[in-house]
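Coordinate inspection notes
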Amino acid sequence: MTQKNVTMFGGKGGVGKTTCAGATALHYANEGLNTLIISTDPTPSLFDIFEMNDHNKPAKVTNNLHLAELGTEEVKEMWNNKFGHEVYEVFSSMVSIEYDEFVDFITSILPGLQEEFMVNYIRELALSGTYDRIVWDTAPLGQTMHLINMPEMLRNHLKPAPKIYSRLKLGSISKRSILKVLEDWSEISAQDMQFLKQDVQFTMVTIPEALAVHQLDGIFAEFATHDFKFSQIIINNIIETNDSDFLRTKREQQQGYIKRIHSICDGMQVIEVPLFPHEIKGLQGVAEISKVLFR
Ligand SMILES: Nc1ncnc2c1ncn2[C@@H]1O[C@H](COP(=O)(O)OP(=O)(O)OP(=O)(O)O)[C@@H](O)[C@H]1O
Ligand SMILES: [Mg+2]
């Protein structure tokens, strides 16, 4: 299904992103590839889907398959390692502020910073070569949109920064000058963007319903303006039986949307996944979805 080492799953809320990401990761693991499934959803559900109690970081799901959740804590830690204290020293010389409060403040005022660090985290994981495959489960669409808009937002935000900071008489409080910190920051941002473009395969998960299909047009257009594209689309929850009036009506409605999805996803690989009569849980349940995805 993929040549790139990192696959990101995006889509509207509740369409089956985590389920499909889990199924993809399980498939790679079963092929003998050392695989990590990582979630950047602030309310992640991977542990539930795999019915796991092991909360190690990363946790072992089965042979070759590890699971990690990238939360606010990891993002803060990364912030600390890369910029935290230098920028903090400068700020705290002007305003009296506790370090934790400062980090919360800065991650909330700089648009896209959380996402920036998440991409950076995954990029470093990919570069480390620890895993043959990384499968990335995201939060509902807003996060993905932030990801692709992030460098621009950050750039705009930082534009007036040199002017402001160079006027501050700070002496030599920090090791690097604040301008150098900002420069490093922009460089990391550019590298992250390049990583997203070159090394990440985007998979969109959707369902055959009016709202979901309607959103696709907007998303594809937005992606295209940033020179990104989805290479694969999964249509989930397809009704395959019609042994009642209710199901027949539902199925007919779905078929119309499925056709429409195929027509707007020209050039992408489209995979159809049936709606199962039961929830998808545990390794066996997830394996059922793997079978469909890699038929
Ligand atoms: N093909 C399917 N057949 C039956 N149930 C499914 C199917 N795909 C997903 N589900 C069920 O739908 C629910 C939502 O799936 P999932 O958590 O993967 O969606 P999500 O897009 O990750 O949601 P969120 O936006 O909240 O992260 C789960 O209970 C899952 O078991
Ligand atoms: Mg999910």
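Above this note sits the structure.
Here's what I pulled together on the structure shown here. (Residues numbered from 1 in each chain as written. Chains lettered and ligands numbered in written order. Predicted model: local features only at pLDDT ≥ 70, side-chain atom pairs only at ≥ 80, totals over all residues.)

1. Things to note about the overall build of the protein chain
Secondary structure summary: the protein chain contains 11 helices and eight strands in total. Looking at the protein chain as a whole, 31% of its 295 residues qualify as buried. (Helix = DSSP H or I, 4+ residues; strand = E, 2+ residues; numbered from the N terminus. Buried ≥ 20, exposed ≤ 12 C-beta atoms within 10 Å, placed from the backbone.)

2. Describing the pairing of strand β5 (residues 133-137)
The element β5 is extensively covered by neighbouring structure, given that five of its five residues are classed as buried. Alternating residues of β5 divide into R133, V135 and D137 and I134 and W136, and every residue in both groups is buried. In this sheet, β5 lies alongside strand β2 (residues 35-39) in parallel orientation, the contact comprising five bridges. Each bridged residue has a counterpart across the sheet, and for L36 the counterpart in β5 is I134. (Pairing = 2+ DSSP bridges.)

3. Observations regarding the environment of I148
Here I148 is to be found in helix α6 (residues 142-158). For I148 and E116, which are 32 residues apart along the polypeptide, the C-alpha to C-alpha distance reads 9.6 Å. If we ignore the near neighbours within four places in the chain, the residues touching I148 are F223, H226 and F228. (Contact = placed C-beta atoms within 7 Å.)

4. Points about the sheet that holds strand β6 (residues 200-206)
The eight strands lie next to each other as β3-β4-β2-β5-β1-β6-β7-β8, forming an open sheet whose pairing is mixed. Here the strands that pair on one side only, and so sit at the sheet edges, are β3 (59-62) and β8 (269-274). Taken pair by pair, the neighbouring strands of this sheet meet at an average axis angle of 25°, ignoring direction. Summarising the sheet, strand β1 (residues 6-10) and β6 pair through five bridges and their orientation is parallel. Within β6, the residue paired with F9 across the bridge is T203. (Axes fitted to C-alpha atoms, helices over the stretch in contact; angles between N-to-C directions.)

5. Notes on the packing of helix α1 (residues 17-30) against helix α11 (residues 282-293)
Where α1 contacts α11, the two axes come as close as 8 Å, and the packing angle between them is 80°. For the element pair α1 / α11, the angle class is roughly perpendicular. Between α1 and α11, the residues in contact are T19, C20, G22, A23, T24, L26 and H27 and V286, A287, I289, S290 and L293, respectively. Residue composition of the contact of α1 with α11, grouped by class: seven nonpolar, five polar and no charged. (Parallel < 35°, antiparallel > 145°, perpendicular 65-115°, else oblique. Nonpolar A, V, L, I, M, F, W, Y, C, P; charged D, E, K, R; others polar.)

6. Topic: α1
Compared with an ideal rise of 1.5 Å per residue, which puts 14 residues at 20 Å, α1 spans 20 Å between its outermost C-alpha atoms and is within 8% of the ideal. In terms of burial, α1 is largely enclosed, as 13 of its 14 residues are buried. (Expected span 1.5 Å × (residues − 1).)

7. Some thoughts on the pairing of β8
Where strand β7 (residues 232-238) meets β8, five bridges bridge the pair, whose relative direction is parallel. Bridged to I234 within β8 is I271. Read as a crossover between parallel neighbours, the route from β7 over helix α10 (residues 245-264) to β8 is right-handed. (Right-handed = clockwise from strand over helix to strand, strands pointing away.)

8. Concerning the site of ligand 1
The full set close to ligand 1 counts 18 residues, and G16, K17, T18, T19 and F276 are the nearest of them. Elements supplying a minimum of two residues to the shell around ligand 1: α1 and β7. Per-element tally for the shell around ligand 1: the top contributor is α1, with three residues. For the shell around ligand 1, the residue count by class is six nonpolar, nine polar and three charged. (Near = placed C-beta within 6 Å.)

9. Some details on the nonpolar core
When a protein is soluble and globular, its nonpolar side chains tend to lie buried together. Core analysis: the biggest nonpolar cluster contains 54 residues, and A25, I37, I38, I122, I134 and W136 have the highest contact counts within it. Ranked by residues supplied to this core, first place goes to α1 with seven residues. Contact partners of I122, with chain neighbours within four places excluded, come to V6, I38, I134 and W136. (Core = buried A, V, L, I, M, F, W, Y, C linked by C-beta atoms within 7 Å.)

10. So, the environment of M118
Take M118: it is sitting in helix α5 (residues 113-128). Overall, M118 belongs to the buried group, with 24 C-beta atoms counted inside 10 Å. Separated by 48 residues in the primary sequence, M118 and L70 place their C-alpha atoms 7.4 Å from one another.

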